[in-house]
Amino acid sequence: MAPTRSVVHLPNGQNLTVIPVFGGFFFKSNELNLHSSVFPAGWTVILQSEDYGEDHDEDISNEAELAGMPPKEQRRHIHPFKKPTLQNDNLFISSISNPSSSEFKAPTSPTRQIAMMLWASLYWYFHQPEPETYLNTPASKNTPDGGKPRGEWRINIKREGVLRGRNLIQKLERMGLIASNDSSVGVNPEENTAEGWSEMYTSRRTFWQLSAKLFLFTLTPTIGSSFPGSPYGSRPSSPVRGEHRNNSPKQPEFSEHASVANSGLWSPSAPGPFSSGSHLPTYFPPPPLQYTMSSGVRHPVRPKPPRQGEMFYTRYIPSVGQYIAFRAASLSPRPVAYNGPTSTLLPPKHHHTTSSLSSLPAHISVASIADVNPPSPTPDTDDTSMMSDLQLLNKWMNIPRVSEFWGCSGPQSTQEEFLRTNLTSNHSFPAIGLWDGKPFGYFEIYWVKEDILGRHLGDAAQDYDRGFHVLIGEEEFRGKHRVKSWATSIAQWAFVQDYRTNAVVLEPRIDNERFIAHLHDTGFLKEREITFPHKQSAFVKLRRENFEAPFI
């Protein structure tokens, strides 16, 4: 089946339209009407599949073999891309269409700009249907497909087009975006030689362990640009081609903090993990290793967790059709404003929209910028987006199925003490999970070594292993499909946050059989049982080496 026009939802809320063109695809940002594009106006990638025509030359090869002649070299065949192959797809960026220099400054680093475009192209590619993973080799030609050797899904990156820039491919390799099996220096002394760089590739496994914050950034509008401000600090404005521009100096500008104040919701100072006032990538490497002691346990000094209310992960889940997000929990008596992307324009029932908001793109929540004064949250409200975190915990902890495993039911003062304790922990932090901005569950993300679990594991607990506890409070967000989504999202976040983290674990109570089965189907395999003073647990682990990709 030939590829069709599609939309890619990036983790920071930007959308890209991918349009098939001759020989490849054109990528164009959809946010030109409201935001400065994370990308230039567009770029084109050449994407092709190849195979070797042994079937075409089979008769000739057989005749040559009977005549005692060496077989002919297999002929390579190039085909238009229709669907992913396991290892025979080739990609390179052929051209870039930059926006007007009168409206946007040139990127500080052209290499970063190209890396961003390549990353986004691969983000789209690895959302395509997964190919069959078995390998057809001469030795396995008679082996049933289910028993054939397995290969790794990867795409070949060609040093052509834009990627032929001076020392560019070497920099992309150092960023981790591409790799080569040739790790030699090479004998050619020329600085920009193609030697050793002709067989580059990116595997799916590696791609999903790269931080998007290393690649995503915004272009800087020029001083005096006519584009209006953005309601998000992380996504300044940009133009719509053909749209009438209002250059009036009195045109109002949205402020992320002002919009939050108008809505009556509380918000942390940072709107999301991709926010950058300097329009630069927001990735920072983990700190150098240094050790400390806690309760007799020697472990690495841990970095500070996100601030109260700060969002630290967002991603669109195509199979669900919604954005999943995680933020640190908060003791604020007011609801925490959600400033992240959503998949729908439908406003929450407590908001009143005006025509001025009707042109917002689909990834922006009207609730986050509407100039309204919603009613104060009440403990019995059914809308979790209008509840404080203490109200959420009070509601969820008093659900019988949750209370059975967590034992934290009771008045709100009980949950407040519970949350305060977890906010002051040095080895874990509490978090709230959200689907399209609606809270659905509570998480505790911890370092295994300092946890009570680490004391039971002993030497089996590695320095950077992470674990998490979870409760799902909203019935509409339960089920195996959702478990796969949030479990692999937390795992991806942990693996990306520190490359020294090689495992993510859970230890659910042994009688929580359905949950354990869902985790097993997600890749968290049971290794043993652990006897705690308060429960018997199944110890399940997802190892980095077994992590292929987050659930999409």
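This is a predicted model, so every value here is computed, not measured.

### Some words on the packing of aromatic side chains
- In the structure shown here, the tally under the stated rule is 36 aromatic pairs.
- Summarising the aromatic geometry, the rings of phenylalanine 126 and tryptophan 153 are spaced 5.2 Å apart at their centres and angled 75° between planes, so their arrangement reads as edge-to-face. In this pair, phenylalanine 126 sits in the loop between α2 (110-125) and β7 (154-157) while tryptophan 153 sits in the loop between α2 and β7, placing the two residues 27 residues apart along the sequence. Neither phenylalanine 126 nor tryptophan 153 differs from the other in exposure class; each is buried.
- Centroid distance phenylalanine 440 to phenylalanine 443: 5.9 Å. Interplanar angle 80°. Geometry classified as edge-to-face.
- With relative accessibility at 0%, the residue phenylalanine 443 sits in the buried group.
- When the ring centre of tyrosine 201 is taken as origin, the NZ or CZ atom of arginine 154, which lies over that ring, is 4.1 Å away.
- Sitting over the face of the ring of tyrosine 291, arginine 298 holds its NZ or CZ atom 3.7 Å from the ring centroid.

### Description of the pattern of salt bridges
- Scanning all chains against the criterion turns up 22 salt bridges.
- Between lysine 148 and aspartate 145 there is a salt bridge, with its nearest N and O atoms 3.2 Å apart.
- Among the residues examined, lysine 148 registers a relative accessible area of 10% and is labelled buried.
- Take aspartate 145: its relative accessible area is 38%, and that puts it in the partly exposed class.
- A salt bridge links glutamate 474 to lysine 395; its shortest N-O distance comes to 3.0 Å. Here the residue glutamate 474 occupies a position in the loop between β16 (466-472) and α10 (480-497), and lysine 395 occupies one in helix α6 (residues 389-397), the gap between them amounting to 79 residues.
- For glutamate 474, a relative accessible area of 8% puts it in the buried group.
- Taking the relative accessible area as the measure of exposure, lysine 395 reaches 29% and is therefore partly exposed.

### Description of the sheet that holds strand β13 (residues 322-328)
- In spatial order, the strands read β12-β13-β14-β15-β16-β17-β19-β18; together these 8 strands make up an open sheet with mixed pairing. Every interior strand has two partners, whereas the edge strands, β12 (311-317) and β18 (525-531), have only one. Between one strand axis and the next, the sheet turns by 25° as a mean value, whatever way the strands run.
- Here 6 bridges tie β18 to strand β19 (residues 536-543), and the two strands are oriented antiparallel to one another. Residue threonine 531 lies in a different strand from β19, and its bridge partner there is glutamine 536.

### With respect to empty space enclosed by the protein
- Applying the stated criterion across every chain, the model contains 5 cavities of 30 Å³ or more.
- Taken together, the elements giving at least two residues each to the lining of the largest cavity come down to α2, β12 and α10.
- A per-class count over the lining of the largest cavity returns 13 nonpolar, 4 polar and 2 charged.

### So, the packing of α10 against helix α11 (residues 513-522)
- Packing of α10 against α11 leaves a shortest axis separation of 9 Å and a crossing angle of 60°. When the interaxial angle is binned, α10 and α11 end up oblique. Considering how the two elements wind past one another, α10 and α11 form a crossing that is right-handed. Taking contact as the criterion, the partners of Lys480, Val483, Lys484, Trp486, Ala487 and Thr488 in α10 are, on α11, Phe515, His518, Asp521 and Thr522.

### Quick word on α6
- Burial analysis of α6 places 7 of its 9 residues in the buried class, the great majority of the element.
- Inspection of α6 places Asp389, Leu390, Gln391, Leu392, Leu393, Trp396 and Met397 among the buried residues, and these make up the whole buried set.
- Close packing links the buried residues of α6 with β13, α7 (400-406), α8 (412-423), β14 (428-435), β15 (438-447) and β16.

### Considerations on α10
- For α10, with 18 residues, the first-to-last C-alpha span of 26 Å sits near the 26 Å given by 1.5 Å per residue.
- With 14 of its 18 residues buried, α10 lies for the most part within the structure.

### Remarks on the confidence of the model for the protein chain
- Mean pLDDT over the protein chain stands at 82; residues scoring 70 or higher make up 76%.
- The model gives residues 33-38 a pLDDT under 50, and that stretch makes 40 contacts with residues more than four places away or in other chains.
- A low-confidence stretch, residues 226-264 (pLDDT under 50), is modelled with 98 contacts involving residues beyond four sequence positions or located in other chains.

Reading the values: the criteria
Residues numbered from 1 in each chain as written. Predicted model: local features only at pLDDT ≥ 70, side-chain atom pairs only at ≥ 80, totals over all residues. Heavy atoms only, no water. Phe/Tyr/Trp six-rings, centres within 6.5 Å; stacked < 30°, edge-to-face > 60°. Helix = DSSP H or I, 4+ residues; strand = E, 2+ residues; numbered from the N terminus. Buried < 20%, exposed > 50% of the residue type's maximum accessible area, 1.4 Å probe, protein only. Lys NZ or Arg CZ within 6 Å of the ring centre and 35° of its normal. Salt bridge = Lys/Arg side-chain N within 4 Å of Asp/Glu carboxyl O. Pairing = 2+ DSSP bridges. Axes fitted to C-alpha atoms, helices over the stretch in contact; angles between N-to-C directions. 1 Å grid on protein atoms, 1.4 Å probe; cavity = no way out; pocket = protein on both sides within 12 Å on 5 of 7 lines; lining within 4 Å. Points joined across faces, edges and corners; volume = space filled by probe spheres on them. Nonpolar A, V, L, I, M, F, W, Y, C, P; charged D, E, K, R; others polar. Parallel < 35°, antiparallel > 145°, perpendicular 65-115°, else oblique. Left-handed = near helix turned anticlockwise from the far one by under 90°. Contact = heavy atoms within 4.5 Å. Expected span 1.5 Å × (residues − 1). pLDDT = per-residue confidence, 0-100.

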